[in-house]
Amino acid sequence: MEYVSTRGEAPVLGFADVLLAGLATDGGLYVPKAWPAFSSEDIRAMRGQPYADVALKILTPFVGSDIAPADLKAMVDAAYGSFRHPAVAPLVQIGPSHFVLELFHGPTLAFKDVAMQLLSRLMDHVLRERGANATIVGATSGDTGGAAIAAFAESERTDIFILFPKGRVSPVQQRQMTTSGAANVHAVAVEGTFDDCQALIKAMFNDQRFRQKAALSGVNSINWARIMAQIVYYFTAAASLGSPDRTISFTVPTGNFGDIFAGYAAKRMGLPIDRLIIATNENDILARTLDSGRYEKTGVHATTSPSMDIEISSNFERLLFEAGGRDAESVRRMMQQLAQSGSFALPEATISAIRAEFDAGRSTRAEVAETIRGSLVSSAYMLDPHTAVGVAVADRHLADSPMVTLGTAHPAKFPDAVKAACGVSPELPPSHADLMTRRETFDSLPNDLSAVEAYIAERSRAVRKGVTA
Ligand SMILES: Cc1ncc(COP(=O)(O)O)c(C=O)c1O
Ligand SMILES: N[C@@H](CCOP(=O)(O)O)C(=O)O
């Protein structure tokens, strides 16, 4: 499989190079040159199959010949063997035709583990084969960071640097990042928002000298392999609800647009999805864009679903590319306008193509609290605030097809918000028993590219050894 950049000016790469590249050298995001196709028979055959077996089927065409089939199978089995639930991503019914897809049974209690447990194994494998080292960088609003640190801690070939917005993540999220104790892990609190952290990451990738020197790799959903791994659970969920013999709709709590773009990819690959519903909190830039056809920044608000406090929604660029007929020049123009003026207008054909597949809705803090309380009372089911954003929006879109809302985090990651909403404090699972008493180690840096690059250069083994991927 070959991959092309959404901005059309970066080299076409194979899977292993895309995996290590993160952002394309033209600032764009990689997408497959063509979408693999799965037939109705293929999807029917997924019913009742172990998660890892379905994952192997979905991932194989994306990986192509870059990784030997037996190696890929071993990595997939090991990645999903680390989950606490045998189904990996079980469905729980919360209404007559409404289900939550629980994606939080991995090591750090959020959906990010599903991709990150595989990504670390794939990267280590490729680096080992090449005799190379890499510097992994990531920005987090709370969950990607913990998942990446759990997946890459003690990795022999990588050092990992995670930037998180100071004071804007939950105490559980912060401690998942700051208490690993591994020598290759560096958690950094940045004076700014998640968007500032993400902008620093992209600026490091766009600094070609630093990128080369540090052998930079990324673990955010700018990395195609993250999206690829997230496609799998749309297939397992839909197949277990009767797909392809009936269509299913999905509501996805959305911030950086990676998770819902994986649903769009599944649809492009043949999964009969009815509607894809973008659920936002008060940071509702995507819901406003679907209404108005204009992507327009207005500032980030702190909410009770902090992992979705995002305004620059990276993967929306992948959708603009696809919905606009893969017109890289038009994507370049829109991204340039966003950087210059904080907004851009979508071409009429692009916004129409998006509206044909997606709906969007917004949920306020008060609605989120009421949804958490209502779910506990009516179904004895405790929601985390991010999943609650999804459930609140999905409830307004229930129709003939079964609705699956993605359960993106365990409620115990956000105990204060959950307790304030329903009066009950969710308990952390036994794997996290000593989390709140472990010693924290992290550094603080200003929102300044040269300070961040200097910090990384001093600590990265790839920089010290001068070995590149
Ligand atoms: C718990 C949780 N829910 C939802 C989201 C949104 O996912 P995405 O960024 O892929 O849209 C995130 C992170 O962004 C998250 O951490
Ligand atoms: N919510 C995310 C934000 C980063 O998203 P990613 O999917 O691009 O890594 C987080 O928890 O960090």
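Residues numbered from 1 in each chain as written. Chains lettered and ligands numbered in written order. Predicted model: local features only at pLDDT ≥ 70, side-chain atom pairs only at ≥ 80, totals over all residues. Heavy atoms only, no water.

**With respect to helix H7 (residues 171-178)**
For the α-helix, the turn length of 3.6 residues means that residues three or four positions removed from each other point alike.
Part 1 of the reasoning: With seven of its eight residues buried, H7 lies for the most part within the structure.
Part 2 of the reasoning: Burial in H7 covers these residues: Val-172, Gln-173, Gln-174, Arg-175, Gln-176, Met-177 and Thr-178.
Part 3 of the reasoning: Close packing links the buried residues of H7 with helix H6 (143-152), strand E7 (158-165), strand E8 (185-190) and helix H18 (415-422). (Buried < 20%, exposed > 50% of the residue type's maximum accessible area, 1.4 Å probe, protein only. Helix = DSSP H or I, 4+ residues; strand = E, 2+ residues; numbered from the N terminus. Contact = heavy atoms within 4.5 Å.)

**Details of the packing of helix H3 (residues 51-63) against helix H4 (residues 69-81)**
Part 1 of the reasoning: Where H3 contacts H4, the two axes come as close as 10 Å, and the packing angle between them is 135°. With respect to each other, H3 and H4 are oriented oblique. H3 and H4 meet at a crossing whose hand is right-handed. Together, Tyr-51, Ala-52, Ala-55, Leu-56, Leu-59, Thr-60 and Val-63 of H3 and Leu-72, Lys-73, Val-76, Asp-77 and Tyr-80 of H4 make up the contact between the two elements. (Axes fitted to C-alpha atoms, helices over the stretch in contact; angles between N-to-C directions. Parallel < 35°, antiparallel > 145°, perpendicular 65-115°, else oblique. Left-handed = near helix turned anticlockwise from the far one by under 90°.)

**A look at the site of ligand 1**
Part 1 of the reasoning: Close to ligand 1 lie 16 residues, the nearest being Asp-143, Gly-255, Asn-256, Asp-259 and Thr-408.
Part 2 of the reasoning: At a separation of 2.9 Å, an oxygen atom of ligand 1 approaches a polar backbone atom of Asp-259.
Part 3 of the reasoning: Residues that form the shell around ligand 1 fall into these classes: six nonpolar, seven polar and three charged. (Near = heavy atom within 4 Å. Polar contact = N/O pair within 3.5 Å; in protein donor to acceptor, adjacent residues only side chain to side chain. Nonpolar A, V, L, I, M, F, W, Y, C, P; charged D, E, K, R; others polar.)

**Quick look at the sheet that holds strand E14 (residues 358-362)**
Part 1 of the reasoning: The strand order across the open sheet formed by six strands is E4-E5-E15-E10-E11-E14, and the pairing between neighbours is mixed. The open sheet is flanked by strand E4 (91-95) and E14, the only strands paired with a single partner. In this sheet, adjacent strand axes meet at a mean angle of 25° when their direction is disregarded.
Part 2 of the reasoning: Contacts from helix H11 (residues 258-268) reach strand E10 (248-253), strand E11 (273-280), E14 and strand E15 (403-407), with the element oriented near 170° to E11. (Pairing = 2+ DSSP bridges.)

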